[in-house]
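# Summary of the model geometry
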Amino acid sequence: FRYLLPRSNGQLDFAYLPNDRELHQERTYVNYRHQSLFGDKWQVLAGVEEVSDDMYFEDLGNSLSVTSQTHLNRFVDLGYFAPYWSVVTRVQNYQTIDALLTPDQQPYERLPQVLFNGRWLGRRLTFDSDTELVNFDRDVGLTGWRFDSTQEFSMRFARSGMYLTPAIAWRQTDYWIDNPAPGTDESPSRSLPVASIDTGMRFERDRGERGAWIQTLEPRLLYVHVPFVDQSNLPVFDTILPDFNLVQLFRKYRYVGPDRITDTDQLSFGVTTRLIDAVDGRERLTATLGQTRYLNAQHVSLPGQAPNDANASDYVAEMSFGFSDRWNLDVGYQWNSDTKATARAETRFEYRPQNDRLFGLGYRYRRGTLEQGDLSIVWPAARRWRVIGRYSYSLLESEPLEKFLGWEYEACCWRFRMVGRRYVSSRTGQVDSSISLQLELKGLSQGASSPEQLLDRGILGYRSIAN
């Protein structure tokens, strides 16, 4: 059910199985999303997703991405957005549907969370203010309030093709613990300065006959200094160590979340080159290479993890090739200079000679964790007929992860699909099979029932082809 009002819109998805013959119980799924605008500055967002039991998606889901879910998000946001600042008040919790997670591994409820963000720009001086106040609640473990505030001044010196931005920030974090352990502080805090210098340049030159191409060379350096402050007495509510990539390469903080701020004296450097079509401005080639050098050993880490004592991070590289509108190649690579081995690799090739056909190959590798390949195809077999297929294989386990094959017939006013699938449906490796039939009346049912959602997830770019 969907509704659209002048300043509000929403959608309710509801599924009901009155009597599951295997479990002898009724099973339900609810997913509700709502958005309202009040004037030009106020906004309300709400989302509620819930299932009747932990095995719902494993039994009734229709793809790997659905059956692998472990948490369902429920939240309500009230936001005010002014030209230079905004404030959002949120209440949020999760339904945990992974029976293997213990109570102390489940996420906290935020009751409430208040976020303030502001940026004021001068002719050269910029002031950024980011503040969070949140109450973490859970049935087990530590609970309480956390206040985290970062106030940063930066100055930007820019000329044509180059910039230099030094910045100094003050990070203040305070806790008020509801149930501290005996002998521990019920209101620990942390204060520390953060200094950084970000600089970059952009060089351009014409390439090819009569300057048909523009090639750029864009080096960038980021220096960050954070002094050591003992944080072993601080709780950990929602802080994690993210995967290292090009985004993380130029972040000032090692962790996502304020419960731990790693001391560091580091220099991140990277270089990007682009090949741009001078006629239409399209980027036909983009390549980036970067690494972080640690000038001193780090001492702050999350509980149970060793501090980072490496001299340098992995090398990370990304490349995107698209010299023709018909094909595209994306490559990502991460290399560990200490072990002299590949840490991660991703490759995706897509061939699209016309709007109604697609052929794709993909490969993903993460050392010691996964190695997967997949093939996908959408191709006309005859007039009005189209074949749809995907095959995903785990090279690490030497077994298929997902495979499906379908036929689609399209007339002027309607479309019919038949899809057969076999896929891993549970974390224990159980495999399920299914056959799906879909009849779509164009203009009346362009709304995404399960088979079409399956194809959207399974084949990159399928939606644009089907429509």
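See the structure printed just above.
What you see is a predicted model, and the numbers here were worked out from it, not measured in a lab.

Here is what the cut-offs are and how they apply
- Residues numbered from 1 in each chain as written.
- Predicted model: local features only at pLDDT ≥ 70, side-chain atom pairs only at ≥ 80, totals over all residues.
- Heavy atoms only, no water.
- Helix = DSSP H or I, 4+ residues; strand = E, 2+ residues; numbered from the N terminus.
- Buried < 20%, exposed > 50% of the residue type's maximum accessible area, 1.4 Å probe, protein only.
- Contact = heavy atoms within 4.5 Å.
- Areas by Shrake-Rupley, 256 points an atom, 1.4 Å probe, with all protein chains shown as cover.
- Polar contact = N/O pair within 3.5 Å; in protein donor to acceptor, adjacent residues only side chain to side chain.
- Patch = residues over 30% accessible without salt bridge, like charges linked within 9 Å, V, L, I, M, F, W, Y side chains within 5 Å.
- Salt bridge = Lys/Arg side-chain N within 4 Å of Asp/Glu carboxyl O.
- Pairing = 2+ DSSP bridges.
- Core = buried A, V, L, I, M, F, W, Y, C linked by side-chain atoms within 4.5 Å.
- Phe/Tyr/Trp six-rings, centres within 6.5 Å; stacked < 30°, edge-to-face > 60°.
- 1 Å grid on protein atoms, 1.4 Å probe; cavity = no way out; pocket = protein on both sides within 12 Å on 5 of 7 lines; lining within 4 Å.
- Points joined across faces, edges and corners; volume = space filled by probe spheres on them.
- Nonpolar A, V, L, I, M, F, W, Y, C, P; charged D, E, K, R; others polar.
- Disulfide = S-S within 2.5 Å.

### Let's talk about the overall build of the protein
Scanning the protein from terminus to terminus reveals five helices and 25 strands. Dimensions of the protein, computed from C-alpha atoms along their principal axes, come out at roughly 70 × 65 × 55 Å. For the protein, the residues scored as buried account for 39% of the 467 residues in total. Pairs at least 24 apart in sequence give 48% of the contacts found in the protein among residues at least 6 apart. Here the protein displays about 26,200 Å² of accessible surface, and carbon together with sulfur accounts for 56% of that area.

### Brief notes about the environment of T292
With respect to the helices and strands, the residue T292 is situated in strand β16 (residues 283-294). Taking relative accessible area as the criterion, T292 reaches 2% and is therefore assigned buried. In this structure the C-alpha to C-alpha distance between T292 and Y16, which are 276 residues apart in sequence, comes to 52 Å. Aside from chain neighbours lying at most four places away, what touches T292 is F244, L249, Q266, L267, S268, A312 and S313. Of note is the side chain of T292, whose polar atom sits 2.8 Å from the side chain of S268.

### A short note on a nonpolar patch on the surface
A contiguous nonpolar surface patch, about 920 Å² in accessible area, is contributed by W385, W407, W414, F416, M418, I435, L437, L439 and L441. Within the residue set of the nonpolar patch, elements represented by two or more residues are β24 (414-424) and β25 (431-441). Looking at the nonpolar patch element by element, the count peaks at four residues for β25. Relative to the helices and strands, F416 resides in strand β24.

### Thoughts on the pairing of β25
As defined by bridge partners, β24 adjoins β25 across 11 bridges and the pair is classed as antiparallel. Across the sheet, W414 pairs through a bridge with L441, a residue of β25.

### Some thoughts on the nonpolar core
When a protein is soluble and globular, its nonpolar side chains tend to lie buried together. Among the nonpolar cores identified, the biggest contains 13 residues, and L192, V194, V224, V226, L249, I261 and V316 are the most heavily contacted of them. Elements with a minimum of two residues in this core: β12 (189-201), β14 (213-226) and α3 (246-249). Counting residues per element, this core draws most heavily on β14, which supplies three residues. Every residue in contact with L192, bar those within four places of it in the chain, is listed here: A169, W170, R171, V226, V229, Q231 and I261.

### A few points about the side chain of R390
In this fold, R390 is placed in strand β22 (residues 385-394). The class for R390 is buried, based on a relative accessible area of 15%. Engagement of the side chain of R390 in a polar contact is seen with the side chain of E402, the distance being 2.9 Å.

### A word on the pairing of strand β13 (residues 203-207)
Regular strands show a simple pattern: their side chains alternate between the two faces of the sheet. Relative to β14, β13 runs antiparallel, the two sharing five bridges. Residue pairing for β14: R207 is matched across the bridge by W213.

### Some points on the pattern of salt bridges
Pairs can form between side chains of opposite charge whenever their charged atoms are close. By the definition in use, this model includes 35 salt bridges. For the salt bridge of D374 with R348, the shortest nitrogen-to-oxygen distance reads 3.2 Å. Of the two residues, D374 sits in strand β21 (residues 370-382) while R348 sits in strand β19 (residues 341-351), which places them 26 residues apart along the sequence. Residue D374 is classed as buried on the basis of its relative accessible area of 6%. A residue is classified by how much of its surface remains accessible, and R348, at 16% relative accessible area, is buried. Across the pair R364 and D374 runs a salt bridge, and its minimum N-O distance is 2.8 Å. A residue pair is termed long-range when its members are at least 10 positions apart, and R364 in strand β20 (residues 358-366) and D374 in strand β21 qualify at 10 residues. For R364, a relative accessible area of 27% gives the class partly exposed. When salt bridges that share partners are traced, they join R386, E408, E410, R415, R417 and E440 into one network.

### Digging into the packing of aromatic side chains
Note on aromatic pairs: each is described by the distance of the centres and the angle between the planes. The full count for this structure, using the stated rule, is 19 aromatic pairs. Between F136 and F237 the ring centres are 4.5 Å apart and the planes differ by 20°, which places this aromatic pair in the stacked class. In this pair, F136 is assigned in strand β8 (residues 125-137) and F237 in the loop between β14 and α3, connecting sequence segments 101 residues apart. One exposure class covers both F136 and F237, and it is buried.

### Observations concerning empty space enclosed by the protein
Enumeration according to the criterion identifies one cavity of 30 Å³ or more in this entry. Considered as a void within the structure, the largest cavity measures approximately 30 Å³ in volume. Residues belonging to the lining of the largest cavity are distributed by class as follows: two nonpolar, two polar and three charged.

### Re unusual backbone geometry
Looking along the chain, the bond that leaves L111 and enters P112 is cis, with omega of -5°. Examined against the element boundaries, P112 turns out to sit in strand β7 (residues 109-121). A positive phi angle, near 55°, is found at H24, a position not held by glycine. Here H24 shows up in the loop between β2 (8-20) and β3 (25-38). On the basis of relative accessible area, H24 is assigned to the exposed category, the value being 65%. Despite not being glycine, S398 shows a phi value in the positive range, around 55°. Inspection of the secondary structure puts S398 in the loop between β22 and β23 (399-410).

### Considerations on the environment of G373
When you line up the elements, G373 lands in strand β21. For G373, the contacting residues outside a window of four places in its chain are G362, Y363, Y391, S392 and Y393.

### Quick word on the state of the cysteines
Tallying each qualifying case throughout the model produces zero disulfides. Among the cysteines around C412, which has no disulfide bond, C413 carries the closest sulfur, lying 3.3 Å off.

Purely geometric stuff here, so don't read any function into it on its own.
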